[in-house]
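# Results of the structural survey
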Amino acid sequence: MTVKTLPALLDKMWKDYVEINPLAQKIYDLFTKEGELVLNDHIALRTFNHPRLTIDVMARPFLEAGYKFCGDYQFVEKKLYAKHFEHSDSKLPTIFISELKLEELSPAVNQIVNRLVDEIPKGKELEFDFVSAGRPWSVSTQDYNELMKESDYAAWVAAFGYRPNHFTVLINALKKFTDITELNTFLKNNGVKLNASGGEVKGSKEVYLEQSSTLANTIEVTFKDGKLSIPACYYEFAKRYPLKDGNLYKGFVASSADKIFESTKHGQ
Ligand code: NI
């Protein structure tokens, strides 16, 4: 079903996300059982910098709905560039969109990606809910494995297409779990495995942002020529600290996110 409004789009994105990452729903329910109101800090989307699919193309529906560009980031090691967009309604999640810099990858990767992109009907990428369209191409296990050799990010986008990579719980809006370490302990006591790459907590009060995340769950994905069990999505937790002017820091920390991107690399 196509959607045409921002609330409907965000709703569709969440439903699709918990369908392939039921652990996120389980964690969400754990918090609500504790009497918490769960707000989303940000939603992360992934794309290629192919001219038809750049960040700016993906950002269109959000800009149309009142979001504004607020910051950009380079992730040198992962060969990514990213932008974040905020809405004046602070209850709405920040939208974080990253793109893979194809010019930094081999001709073999470029060839596969170009072939996938050519399968998208012309103009489909301009539809309001394309960011929630799922995989708009067919892809083989061979393509997936080939991409994986150079970029797990490229392989993820090829396999899952256009849907949130993760949602993020805003710790500041929780009442019982104000400390990220205590929150992590609560999750682990409930059997949740956290991404420990670079330590469970990424960032610090000094950089105004602390984050942790689950490991991506593994799901079976159908390809053109068979099935593969591969890492899908993860759930993230963010605590923000006030800047000197008293307002909470709303941006991201590239060195922390570099490690968080690893969540979909190792799977479970
Ligand atoms: Ni994130």
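Notes on the structure follow. The written sequence of each chain sets the order in which its residues are numbered from 1. With pLDDT at 70 or above as the cut-off, local features in this predicted model cover only qualifying residues; side-chain atom pairs require 80 or more to be listed or tallied, and sums for whole chains, interfaces and linings still use all residues. For side-chain calculations, the full set of non-hydrogen atoms in the structure is used, while hydrogens and water are omitted.

The next subject is the packing of aromatic side chains. Side-chain rings of Phe, Tyr and Trp (the six-membered ring for Trp) are treated as a pair once their centres are within 6.5 Å; stacked means planes under 30 degrees apart, edge-to-face means over 60, and tilted covers the remaining angles. Taken as a whole and assessed by the stated rule, the structure comprises 22 aromatic pairs. Consider the rings of W14 and Y235, whose centres lie 6.1 Å apart with planes at 50°: the pair is tilted. One end of the pair, W14, is in helix α1 (residues 6-20); the other, Y235, is in strand β10 (residues 234-240), and 221 residues separate them in sequence. Aromatic ring contacts, followed pair by pair, group W14, Y17, Y28, F167, Y235 and F237 into a single cluster. Either the NZ atom of lysine or the CZ atom of arginine qualifies as a charge over a ring when it sits within 6 Å of the ring centre and within 35 degrees of the ring normal. Above the plane of the ring of F223 lies R135, whose end atom (NZ or CZ) is 5.7 Å from the centre. Cation over ring: R240 sits above F252, and NZ or CZ is 5.2 Å from the ring centre. Runs of H or I in DSSP of at least four residues are treated as helices and runs of E of at least two as strands, each being numbered from the N terminus.

Below, the discussion takes up the pattern of salt bridges. Whenever Lys or Arg places a side-chain nitrogen within 4 Å of a carboxyl oxygen from Asp or Glu, that contact is recorded as a salt bridge. Applying the stated criterion across every chain yields a total of 14 salt bridges. We note a salt bridge from K15 to D11, for which the minimum N-O separation is 2.8 Å. Residue K15 and its partner D11 are located together in helix α1, separated by four residues, close to a single helical turn. The closest approach of N and O atoms between D152 and K78, which form a salt bridge, is 3.0 Å.

Let's shift gears to the nonpolar core. Only buried residues count toward a nonpolar core, which is a set of Ala, Val, Leu, Ile, Met, Phe, Trp, Tyr and Cys residues joined through side-chain atoms within 4.5 Å. Buried means the residue's accessible area, taken with a 1.4 Å probe over protein chains only, is under 20% of the maximum for its type, while exposed means over 50%, and partly exposed covers the values in between. In this structure, F31, F62 and Y235 are the most contacted members of the largest nonpolar core, which totals 79 residues. When near neighbours in sequence (up to four residues on either side) are disregarded, F62 contacts L6, L9, L10, M13, L45, Y67, I95 and V131. Residues count as neighbours in contact if any of their non-hydrogen atoms are within 4.5 Å of one another.

Attention shifts here to the pairing of strand β7 (residues 209-213). In terms of burial, β7 is largely enclosed, as five of its five residues are buried. The alternating pattern of β7 places L209, Q211 and S213 and E210 and S212 on opposite faces, both of which are buried. At least two DSSP bridges between two strands are required for those strands to pair. Two strands pair when backbone bridges link them, and strand β6 (residues 202-204) and β7 are joined in this way by three bridges, in the antiparallel orientation. When the sheet's bridge partners are listed, S204 is paired in β7 with L209. Between β6 and β7, which pair antiparallel and follow one another directly, the connecting turn spans four residues, one of which, Y208, has a positive phi of 70°.

Lines fitted to the C-alpha atoms define the axes, with helices restricted to the stretch that makes contact. Angles between their N-to-C directions range from 0 to 180 degrees. Two numbers describe how helix α4 (residues 107-118) lies on helix α5 (residues 141-150): the axes approach to 10 Å, and their chain directions differ by 135°. Of the possible angle classes, the one that applies to α4 and α5 is oblique. By crossing handedness, the relation of α4 to α5 is classed as left-handed. Contact residues: α4 offers V109, I112, V113 and R115, while α5 offers D143, E146, L147 and E150. Oblique is the label for every angle not falling under 35 degrees (roughly parallel), over 145 degrees (roughly antiparallel), or within 65 to 115 degrees (roughly perpendicular). We call a crossing left-handed when the near helix sits turned anticlockwise from the far one by less than a right angle, and right-handed when that turn is clockwise.

Right, let's talk about the sheet that holds strand β5 (residues 166-170) for a bit. Spatially, the eight strands line up as an open sheet ordered β2-β3-β4-β1-β5-β10-β7-β6, and their pairing is mixed. Edge positions in the sheet fall to β2 (68-75) and β6, since each has one partner strand and no second. On average, each strand axis in the sheet is tilted by 20° relative to the strand beside it, whichever way the strands run. Those strands touched by helix α6 (residues 152-160) are β1 (40-48), β3 (80-86) and β4 (94-100), and its axis lies near 95° from that of β1. Packed onto the sheet, helix α7 (residues 180-189) meets β7 and β10 and runs at close to 10° relative to β7.

A separate point is the side chain of H166. On the secondary structure map, H166 appears in strand β5. By the criterion applied in these results, polar contacts are pairs of N or O atoms within 3.5 Å in which, for protein atoms, one can donate a hydrogen and the other can accept it, and in which residues neighboring in sequence qualify only through two side-chain atoms. Reaching out from H166, the side chain makes a polar contact with the side chain of E236 at a distance of 3.2 Å.

What follows deals with the environment of H84. One can find H84 in strand β3. As for H84 and A44, which are separated by 40 residues in sequence, their C-alpha atoms are 9.2 Å apart. Every residue in contact with H84, bar those within four places of it in the chain, is listed here: K68, F69, C70, G71, Y73, T94, I95, F96, K250, G251 and F252. Looking at H84, its side chain comes within polar contact range of the side chain of Y73, at 2.8 Å.

Among all positions of helix α3 (residues 55-64), only I55, V57, M58, A59, P61 and F62 are buried. One or two positions beyond α3, positive phi appears at G66, with a value near 105°.

Let us look at unusual backbone geometry. A negative phi angle characterises most non-glycine residues, just as the trans form characterises most peptide bonds. Positive phi, normally seen in glycine, also occurs at K79, with a value near 60°. The topology assignment puts K79 in the loop between β2 and β3. Under the relative-accessibility criterion, K79 is labelled partly exposed at 29%.

Turning to the environment of S229, a few remarks are in order. When you line up the elements, S229 lands in strand β9 (residues 226-231). You can call S229 exposed: its relative accessible area is 53%. Contact partners of S229, with chain neighbours within four places excluded, come to T218, I219 and E220.

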